[in-house]
Amino acid sequence: MNELHLGTLPASYSRVELAMVMERTRANLHGNVHGGEIMKLVDSTAGAVAQRHSGGLAVTAAMDEMAFLRPVHVGDILRTFAQVNWAGSSSMEIGVRVEAEPWDDPSTPLHVASAYLVFVAVDGNGRARKIPGLGPETPDEVRRQREAEIRRAHRLSAKAEILKSRDGS
Ligand SMILES: CCCCCCCCCCCCCCCC(=O)SCCNC(=O)CCNC(=O)[C@H](O)C(C)(C)COP(=O)(O)OP(=O)(O)OC[C@H]1O[C@@H](n2cnc3c(N)ncnc32)[C@H](O)[C@@H]1OP(=O)(O)O
């Protein structure tokens, strides 16, 4: 990686919202929308945010804390809202909130899922590259950044602990 200083960007610069009607082809055996379909939409929304923030290609490195809170039904409109919560040297945590507008009651959007993903910006050879920092502008953005730092510390220490336990086995 080079030593370029890329400055900072606010979360608002790369925030993305997507909306999609849930068609029958996305249903599981129970007739609800398949969780994997929701995960794909979450990944794509977060990917668009990561590409905007980093100004180029970015890949999904991890997806954790994906919570499915309510079922989504065929015919509902699914909306994803995503923003950068934290930016490191080459990696970013993206938070995604998923809401459904029920087809029979669109006036009451429901919070149906949430997820945190780590994206890494890569160059043409697939190697990690430097990204701009994040400049939080609102109290909510400061809180998200602080909480993302806690999640990152847990991710890294869990990985290190597991590697250490394998060395000892
Ligand atoms: C301008 C254009 C706009 C256009 C707008 C278009 C919108 C269009 C939207 C479509 C959007 C589709 C989005 C789909 C995106 C895929 O589907 S990507 C496909 C699935 N993912 C992959 O194939 C990735 C496979 N993995 C890899 O290639 C490598 O493991 C990675 C991720 C590059 C990391 O490589 P590495 O050698 O481990 O990197 P390393 O230097 O050790 O670490 C780099 C950083 O990553 C972090 N990291 C690595 N692994 C992890 C982990 N597991 N957990 C947490 N952090 C990690 C490190 O802590 C480090 O962080 P920093 O301190 O630098 O911030």
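What counts and how
- The written sequence of each chain sets the order in which its residues are numbered from 1.
- It should be noted that, the model being predicted, local features are given only for residues of pLDDT at least 70 and side-chain atom pairs only at 80 or more, the latter also being counted only at that level, while totals for whole chains, interfaces and linings use all residues.
- Note that water and hydrogens are dropped before the side-chain values are worked out from all heavy atoms of the structure.
- The criterion is simple. A nonpolar core is a set of buried Ala, Val, Leu, Ile, Met, Phe, Trp, Tyr and Cys residues joined through side-chain atoms within 4.5 Å.
- Note on exposure labels: buried denotes an accessible area under 20% of the residue type's maximum, exposed denotes more than 50%, and partly exposed covers the range between, all computed with a 1.4 Å probe on protein chains only.
- Strands are runs of DSSP state E lasting at least 2 residues, helices are runs of H or I lasting at least 4, and numbering of each runs from the N terminus.
- Pairs of residues are marked as contacts when any of their non-hydrogen atoms sit within 4.5 Å.
- Here a residue counts as near a molecule or strand whenever at least one of its heavy atoms sits within 4 Å of it.
- Distance and chemistry together define a polar contact, namely a pair of N or O atoms within 3.5 Å, with one atom able to donate a hydrogen and the other to accept it when in protein, and with adjacent residues in sequence counting only for side-chain atoms on both sides.
- Note on areas: Shrake-Rupley with a 1.4 Å probe; residue coverage comes only from the protein chains shown.
- Only Asp, Glu, Lys and Arg are considered charged, only Ala, Val, Leu, Ile, Met, Phe, Trp, Tyr, Cys and Pro nonpolar, and every remaining residue, Gly among them, polar.
- Whenever Lys or Arg places a side-chain nitrogen within 4 Å of a carboxyl oxygen from Asp or Glu, that contact is recorded as a salt bridge.
- Under the convention used throughout, the expected extent of a helix is 1.5 Å for every residue step, that is, one less than its residue count.

Draft legend 1. Just the nonpolar core, in detail. Formed by 30 residues in total, the largest nonpolar core has its most connected members in I38, L78, M92 and I94. Elements that contribute at least two residues to this core include exactly helix 2 (35–54), strand 3 (58–68), strand 4 (77–87), strand 5 (91–101) and strand 6 (110–121). The residues touching L78, leaving out its near neighbours within four places in the chain, are L18, A19, M20, M22, I38, L41, V72, V98, E99, A100 and V112.

Draft legend 2. Region of the structure containing the site of the ligand. Surveying the vicinity of the ligand reveals 20 residues, the closest of which are T60, S89, S90, S91 and R152. Interatomic distance of 2.9 Å between a backbone N/O atom of T60 and a nitrogen atom of the ligand. At 2.9 Å, a backbone N or O of S89 approaches an oxygen atom of the ligand. Contact with the protein chains removes 52% of the 1400 Å² of surface that the ligand exposes when unbound. Listing elements by their share of the shell around the ligand, those giving two or more residues are helix 2, strand 3 and strand 6. The biggest single contributor to the shell around the ligand is helix 2, with five residues. Among the residues forming the shell around the ligand, the class breakdown is eight nonpolar, ten polar and two charged.

Draft legend 3. Structural context of the pattern of salt bridges. Here the structure, examined in full by the defined rule, presents ten salt bridges. Among the salt bridges present, the one from E93 reaches R155, with a minimum N-O distance of 3.0 Å. Highlighted residues: E93 in strand 5 and R155 in helix 3 (residues 139–168), separated in sequence by 62 residues. For E93, a relative accessible area of 1% translates into the label buried. Put simply, D140 and R143 hold a salt bridge, and the shortest N to O gap is 3.4 Å. Residue D140 and its partner R143 are located together in helix 3, separated by three residues, close to a single helical turn.

Draft legend 4. Molecular detail of the side chain of Q83. As for its position among the elements, Q83 is in strand 4. Among residues more than four places away in sequence, those in contact with Q83 are R15, V49, E93, I94, G95 and R144.

Draft legend 5. Representation of helix 3 in the model. For helix 3, which comprises 30 residues, the first-to-last C-alpha distance of 44 Å matches the rise-based estimate of 44 Å (1.5 Å per residue) to within 8%. Regarding helix 3, the residues found buried are E141, Q145, A148 and R151. Tucked inside the fold, the buried residues of helix 3 contact helix 1 (11–14), strand 3, strand 4, strand 5, strand 6 and strand 7 (133–134).

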